[in-house]
Amino acid sequence: MATSVSAQQPSSSNPPPSAPGTNPPAIALGPPSPDDQSMLLARVGREALRYQRELPEFLCTQLTTRAVDETGTGKHWKRRDTLEVEDVYVSGFVNHKLIQWNGAAAHKSYQQLTGFLSETVLHSVGFLPAWLFGPQAKTQFKWVREDTLSGRRMQVFSVHLPVSDSKLSISTPRYSFVAGVDGLIFVDAVSALVRRFEIRMDLPAASPIQEGEMDIDYDRVDISGRQFLLPVKCEVRARFGTSLVKNETEVVRYQKYAAETTIHFDEPPQDGNPPSLDGNPPSPERDAPSPDGRPAKPGGSPAKR
């Protein structure tokens, strides 16, 4: 049994892209003025929507190490397993296919895995969706500080989107609810590209997840000769009762989807429930994937890019 993180389809229209080869004036170094802050955030929104519009249908491979700390202190992590998952983004849907489990060929589907799964993070918030960064979004940004990241000068903004305006949905076998978004974005002051997104989920009192956090790092990725700024690393942490879970993911491959590409989708759903994460406190003994697995759930869900 599991919990899924997803987002509803945005309905906002996209502004026209900047002219090719045209770079807006760079923001002055140092703490930006209120006008410079507004200018930089407007560029962030335009760049995010441009990537949404121009990103082709594609495949990517995620390598994830899952760990649990049953003491809840964050000091006694035990590795649970490793997953290699291939995501296919085609025709507005994403499919998760389990390729390897603990370094060996997988003999079950992704939907038969138990425990805390986080592959949905990329298409729910990782691709900087319009409901967070689009012109109709009600996200509140506030300049926090200037920082450096990988030798680049960054302007750091807080991000706040209340539950009432959020489209970040969490689903468990028993519950489905929307979480608000709080966090930080690290913005390159020259290129206006988001290089890091730190998220803390604002969860309702009835949530089976008591705490939820994500850190997403971005870098330039080549897809069929074109450069895109996409997630390359992600760490997701959550608290279930007295236990902590942590998934560390590296995206090791992006590839354009082509008609000649051979894709093997998981078996069709039997029960109509979405792919999910465990809504119960994780236990290595109870939740460890077993040879016979569980009834398969759907392999595809709407891709929110």
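In case you missed it, the structure is sitting above this.
All values reported here derive from a predicted model rather than from experimental measurement. (Residues numbered from 1 in each chain as written. Predicted model: local features only at pLDDT ≥ 70, side-chain atom pairs only at ≥ 80, totals over all residues. Heavy atoms only, no water.)

Draft legend 1. The arrangement of the packing of aromatic side chains in detail. All told, the structure shown has 8 aromatic pairs when counted by the stated rule. Measuring from ring centre to ring centre gives 4.5 Å for F58 and Y89, while their planes differ by 20°; the resulting arrangement is stacked. Of this pair, F58 sits in strand β2 (residues 58–69) while Y89 sits in strand β3 (residues 78–90), and the two are 31 residues apart along the sequence. On the basis of an interplanar angle of 85° and a centroid distance of 5.8 Å, the ring pair of F58 and F127 is categorised as edge-to-face. Of the two residues, F58 is situated in strand β2 and F127 in the loop between α2 (121–126) and α3 (130–133); the sequence distance between them amounts to 69 residues. F127 matches F58 in its accessibility class, with the two residues each being buried. Within the aromatic cluster, the residues linked to one another by ring pairs are F58, Y89, F127 and Y254. Looking at K108, its charged tip hangs above the ring of W101, at a distance of 5.9 Å from the centre. The ring of W77 carries the charged tip of K246 above its face, separated from the ring centre by 4.5 Å. (Phe/Tyr/Trp six-rings, centres within 6.5 Å; stacked < 30°, edge-to-face > 60°. Helix = DSSP H or I, 4+ residues; strand = E, 2+ residues; numbered from the N terminus. Buried < 20%, exposed > 50% of the residue type's maximum accessible area, 1.4 Å probe, protein only. Lys NZ or Arg CZ within 6 Å of the ring centre and 35° of its normal.)

Draft legend 2. Expanded view of the pairing of β2. β2 sits mainly inside the fold: 10 of its 12 residues count as buried. Pairing of β2 with β3, which is carried by 11 bridges, proceeds in the antiparallel orientation. From the neighbouring strand, Q62 faces β3, where its bridge partner is V85. Pairing between β2 and strand β13 (residues 243–256): 12 bridges, direction antiparallel. Residue Q62 lies in a different strand from β13, and its bridge partner there is V251. (Pairing = 2+ DSSP bridges.)

Draft legend 3. Layout of the layout of surface pockets. Of the voids in this model, the second largest pocket is the one considered here, and its volume is about 190 Å³. Sorting the residues of the lining of the second largest pocket by element identifies α1 (34–54) and α3 as the ones contributing at least two each. Per-element tally for the lining of the second largest pocket: the top contributor is α1, with 6 residues. Of the residues contributing to the lining of the second largest pocket, the split by class is 10 nonpolar, 3 polar and 1 charged. (1 Å grid on protein atoms, 1.4 Å probe; cavity = no way out; pocket = protein on both sides within 12 Å on 5 of 7 lines; lining within 4 Å. Points joined across faces, edges and corners; volume = space filled by probe spheres on them. Nonpolar A, V, L, I, M, F, W, Y, C, P; charged D, E, K, R; others polar.)

Draft legend 4. A look at empty space enclosed by the protein. Under the criterion given, the structure shown has 5 cavities of 30 Å³ or more. Approximately 150 Å³ is the volume found for the largest cavity. Forming the walls of the largest cavity are 17 residues, and the residues nearest its centre are A48, Y51, F127, L128 and L229. Residue assignment for the lining of the largest cavity shows that the elements contributing at least two residues are α1 and β12 (226–240). Taken together, the residues of the lining of the largest cavity break down into 13 nonpolar, 2 polar and 2 charged.

Draft legend 5. Quick peek at the nonpolar core. With 53 residues, the main nonpolar core has V125, F197 and Y254 as its most contacted residues. Other than its neighbours up to four places away in sequence, F197 contacts V125, L128, L132, F133, V159, L184, I185, M214, D215, I216 and Y218. By size, the runner-up hydrophobic cluster in this structure holds 6 residues, among which are V85, L98, L113 and L117. (Core = buried A, V, L, I, M, F, W, Y, C linked by side-chain atoms within 4.5 Å. Contact = heavy atoms within 4.5 Å.)

Draft legend 6. Spatial organisation of the side chain of R43. Mapped onto the secondary structure, R43 falls in helix α1. E47 is the oppositely charged side chain nearest to the buried, salt-bridge-free R43, at an N-O distance of 6.4 Å. (Lys, Arg positive; Asp, Glu negative; His and termini not counted. Salt bridge = Lys/Arg side-chain N within 4 Å of Asp/Glu carboxyl O.)

Draft legend 7. Inspection of the side chain of D69 at higher detail. Following the sequence through the fold, D69 ends up in strand β2. Salt bridges are absent for the buried D69, whose nearest opposite-charge side chain, R239, sits at 7.7 Å. Side-chain polar atoms of D69 contact the backbone nitrogen of G74, separated by 2.6 Å. Polar side-chain contacts of D69 include one of 3.1 Å to the backbone nitrogen of K75. Not counting chain neighbours up to four residues away, the residues in contact with D69 comprise G74, K75, H76, W77, T242, S243 and L244. (Polar contact = N/O pair within 3.5 Å; in protein donor to acceptor, adjacent residues only side chain to side chain.)

Spatial relationships are all this shows, so hold off on functional conclusions.
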